[in-house]
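What follows is the residue order along each chain.
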Amino acid sequence: LPLLCGSSLSAQSIRTDTLSVEIPFRRGSSTLELDYNGAAGVMDGFLRSLESLNSNPDIIIHSVNILSAASVEGPRAFNERLSLGRAQSILEFLCRNTTLSPSQMKINSRGENWEELLRVLEESEQEWCSEASDIIRTMMSDSTDNASQRCKQQLQGLREGKAWECMEE
């Protein structure tokens, strides 16, 4: 789950920098668990970097952008709620643990993360990956409400369901 921090230097020229971290969540959970899969180290490092930037008088942090998403298995409505809940958990954590104001933090909840699945498929050497990628790209260009569900159905039928089983892992 990427967390982006944008900052600009307030000198004669303006420069924008970005810090980005991915925060792990348990499957199906929107609770930020620091003891899960290295989340404490990720958040601790991000907080140190953020506070270092914030304490520098030459730097103005305009926003911290929280970009959240959920994997694609499961119902779309559930994934959208899960994604938003994850973003809220991170926002609450940052409000408690930084001196930044909530107005400096922005949430962008994407719901299902089809782009990440495409990235993983492109890095995989499974023989069915190009077929799955084609299905996803075709369905992502479809803006109808049931495109996500139809895409899942097509992926679940690919290679008698073996491709979907691998993607779920």
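Owing to the predicted nature of the structure, the values given are computational and were not obtained by experimental measurement.

Student: Explain the pattern of salt bridges here, please?
Tutor: Oppositely charged side chains can form a pair if their charged atoms are brought close together. With the rule as written, the count across this model stands at 6 salt bridges. Across the salt bridge formed by E33 and R26, the nearest N and O atoms sit 2.8 Å from each other. The salt bridge partner of R48 is D44, with a shortest N-O separation of 2.4 Å. Pair noted here: R48 and D44 are both in helix α1 (residues 39–55), with a separation of 4 residues, about one helical turn. Given the relative accessible area of 39%, D44 is considered partly exposed. Members of the salt-bridge network, linked through shared partners, are E127, E131 and R159.

Student: Sorry if this is basic, but what is going on with the packing of helix α3 (residues 114–123) against helix α4 (residues 129–140) here?
Tutor: Following both chains from N to C, one finds α3 and α4 inclined at 160°, their axes separated by 9 Å at the closest point. By the criterion of interaxial angle, the relationship of α3 to α4 is roughly antiparallel. Every pair of crossing elements has a handedness; the one defined by α3 and α4 is left-handed. From α3, W114, E115, L117, L118, L121 and E122 reach across to α4, where they touch C129, A132, S133, I136, R137 and M140. In the contact of α3 with α4, the residues fall into 8 nonpolar, 1 polar and 3 charged.

Student: Is there a simple way to explain the environment of I61 in this structure?
Tutor: Looking at the secondary structure, you find I61 in strand β3 (residues 59–70). Judged by relative accessible area, I61 falls into the buried class, the value being 5%. Sequence spacing of I61 and Q104 is 43 residues, and the spatial spacing of their C-alpha atoms is 7.7 Å.

Student: Even after reading the chapter, I still don't get the nonpolar core, so can you show me in this structure?
Tutor: Most often, soluble globular proteins have nonpolar side chains that are buried together. Judged by nonpolar contacts, the single largest core of 20 residues is most densely connected at I23, V64 and L94. Secondary-structure elements contributing two or more residues to this core are α1, β3 and α2 (76–97). Grouped together as the second largest cluster of nonpolar side chains are 17 residues, L121, W128, A132 and A163 included.

Student: Where do I start with the packing of α1 against α2 in this structure?
Tutor: Helix packing geometry: the angle between the two helix axes and the distance between the axes. It is the contact of α1 with α2, at a shortest axis distance of 12 Å, that shows an interaxial angle of 50°. Accordingly, the angle class assigned to the pair α1 and α2 is oblique. α2 is crossed by α1, and the crossing has right-handed handedness. Taking contact as the criterion, the partners of M43, F46, L47 and E51 in α1 are, on α2, F93, L94 and N97.

Student: Just to check I follow, could you spell out the pairing of β3 for this structure?
Tutor: Note on strand geometry: in a regular strand, side chains alternate between the two faces of the sheet. Extensive coverage of β3 is indicated by the burial of 9 of its 12 residues. Summarising the sheet, β3 and strand β4 (residues 105–112) pair through 6 bridges and their orientation is parallel. Following the sheet pairing, A70 is matched in β4 by E112.

Calculation rules
Residues numbered from 1 in each chain as written. Predicted model: local features only at pLDDT ≥ 70, side-chain atom pairs only at ≥ 80, totals over all residues. Heavy atoms only, no water. Salt bridge = Lys/Arg side-chain N within 4 Å of Asp/Glu carboxyl O. Helix = DSSP H or I, 4+ residues; strand = E, 2+ residues; numbered from the N terminus. Buried < 20%, exposed > 50% of the residue type's maximum accessible area, 1.4 Å probe, protein only. Axes fitted to C-alpha atoms, helices over the stretch in contact; angles between N-to-C directions. Parallel < 35°, antiparallel > 145°, perpendicular 65-115°, else oblique. Left-handed = near helix turned anticlockwise from the far one by under 90°. Contact = heavy atoms within 4.5 Å. Nonpolar A, V, L, I, M, F, W, Y, C, P; charged D, E, K, R; others polar. Core = buried A, V, L, I, M, F, W, Y, C linked by side-chain atoms within 4.5 Å. Pairing = 2+ DSSP bridges.

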